[in-house]
Amino acid sequence: MADKVLVLKGERKLLLMNGDEVLKTYSVSLGGSPVGPKIREGDSKTPEGKYVLDRHNSHSQYHKSIHISYPNAEDLARARKLGVPPGGDLFLHGEPNDYHGPSQQLGDWTDGCIAVTNADMDEIWRAVPDGTPIEIKP
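Analysis parameters
- Residues numbered from 1 in each chain as written.
- Predicted model: local features only at pLDDT ≥ 70, side-chain atom pairs only at ≥ 80, totals over all residues.
- Heavy atoms only, no water.
- Pairing = 2+ DSSP bridges.
- Helix = DSSP H or I, 4+ residues; strand = E, 2+ residues; numbered from the N terminus.
- Core = buried A, V, L, I, M, F, W, Y, C linked by side-chain atoms within 4.5 Å.
- Buried < 20%, exposed > 50% of the residue type's maximum accessible area, 1.4 Å probe, protein only.
- Contact = heavy atoms within 4.5 Å.
- Polar contact = N/O pair within 3.5 Å; in protein donor to acceptor, adjacent residues only side chain to side chain.
- 1 Å grid on protein atoms, 1.4 Å probe; cavity = no way out; pocket = protein on both sides within 12 Å on 5 of 7 lines; lining within 4 Å.
- Points joined across faces, edges and corners; volume = space filled by probe spheres on them.
- Nonpolar A, V, L, I, M, F, W, Y, C, P; charged D, E, K, R; others polar.
- Axes fitted to C-alpha atoms, helices over the stretch in contact; angles between N-to-C directions.
- Salt bridge = Lys/Arg side-chain N within 4 Å of Asp/Glu carboxyl O.

Enquirer: Can you tell me about the pairing of strand β4 (residues 49–57), naming the residues and giving the values?
Expert: Consecutive side chains of a regular strand alternate in pointing toward one face of the sheet and then the other. As paired strands, β4 and strand β8 (residues 132–137) are joined by five bridges and run antiparallel to one another. From the neighbouring strand, Leu53 faces β8, where its bridge partner is Thr132. Here β4 runs beside strand β5 (residues 65–68); their pairing, made up of four bridges, is antiparallel. Residue pairing across strands places His56 opposite Ile66, the latter belonging to β5.

Enquirer: Tell me about the nonpolar core, and please be specific about residues and values.
Expert: Most often, soluble globular proteins keep nonpolar side chains buried together rather than apart. Ranked by size, the top nonpolar core spans 26 residues in total, and within it Val5, Leu14, Leu16, Ile114, Ile124, Val128 and Ile134 carry the most contacts. Of all the secondary-structure elements, those providing two or more residues to this core are β1 (4–8), β2 (13–18), β4, β5, β6 (91–93), α2 (118–127) and β8. Among the elements that line this core, the one with the most residues is α2, at four residues. If we ignore the near neighbours within four places in the chain, the residues touching Val128 are Met1, Ala2, Val5, Leu16, Leu53 and His56.

Enquirer: Hey, could you go over helix α1 (residues 73–82) for me, with residue numbers and the actual values?
Expert: Its side-chain oxygen at 3.1 Å from the backbone nitrogen of Glu74, Asn72 defines the N-terminal cap of α1. Where α1 ends, the next residue or the one after it, Gly83, has phi of about 70°, a positive value.

Enquirer: Give a description of the pairing of β5 that names residues and reports values.
Expert: In β5, alternate side chains face the same way, and those of Ser65 and His67 on one face and Ile66 and Ile68 on the other are all buried. Summarising the sheet, β5 and β6 pair through three bridges and their orientation is antiparallel. Across the sheet, residue Ile66 finds its bridge partner in β6, namely Leu92.

Enquirer: Quick one: what's the story with the layout of surface pockets, residue by residue and with numbers?
Expert: The space that makes up the largest pocket amounts to roughly 320 Å³. Around the largest pocket, the lining comprises 18 residues; the ones closest to its centre are Gln61, Tyr62, Asp89, Asp111 and Cys113. When its residues are assigned to classes, the lining of the largest pocket shows five nonpolar, nine polar and four charged.

Enquirer: Which residues make up the sheet that holds β6, and what values go with them?
Expert: Strand pairing within a sheet occurs via backbone hydrogen bonds; the two strands may be parallel or antiparallel. Spatially, eight strands are ordered β3-β2-β1-β8-β4-β5-β6-β7 in an open sheet, and the strand pairing comes out mixed. Looking at the sheet topology across the chains shown, the edges are occupied by β3 (21–27) and β7 (114–115). Bridge count for β1 against β2 is five bridges, and the pairing is antiparallel. Residue pairing for β2: Lys4 is matched across the bridge by Met17. In the packing of α2 onto the sheet, the strands contacted are β2, β3, β4, β5 and β6, and the crossing angle to β5 comes to about 60°.

Enquirer: So what's going on with the pattern of salt bridges? Which residues, and what values?
Expert: What the rule picks out here adds up to seven salt bridges. Lys4 is the partner of Glu135 in a salt bridge, and the nearest nitrogen-oxygen pair spans 3.0 Å. Of the two residues, Glu135 sits in strand β8 while Lys4 sits in strand β1, which places them 131 residues apart along the sequence. You can call Glu135 buried: its relative accessible area is 16%. Classification of Lys4 by relative accessible area gives partly exposed; the value is 29%. Two residues, Glu123 and Lys24, come together in a salt bridge whose shortest N-O distance is 2.8 Å. You can see Glu123 sitting in helix α2 and its partner Lys24 sitting in strand β3, a full 99 residues away along the chain. You can call Glu123 partly exposed: its relative accessible area is 26%.

Structure below.
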């Protein structure tokens, strides 16, 4: 069981952690414009910061999804200062349910979510209980 998830955006990696031990590493796809923190709704950026994986969703338009608690207080304050909507509804998820291509999505293709293959999502789903912290680094 993982007690933390760490995402390294620049490396396109997701690490399941237990204390300081890396349990497993997965390749990820990010938002279509992944460099830099998410500023506003619709910017296709994956956020950066500390969040919580707060609920599993088995009835997703993707092969399972786990909700990310974006936006946090810092995200809300930044969006308010800029006068823009922060966005939300971000998930760690598998491939789209209607996707019938190769079993590995290539490149960054989400609207800001973190995506993995369906097989990887099945493993992560079992290893990450609701309430697990997730830290997303540049």
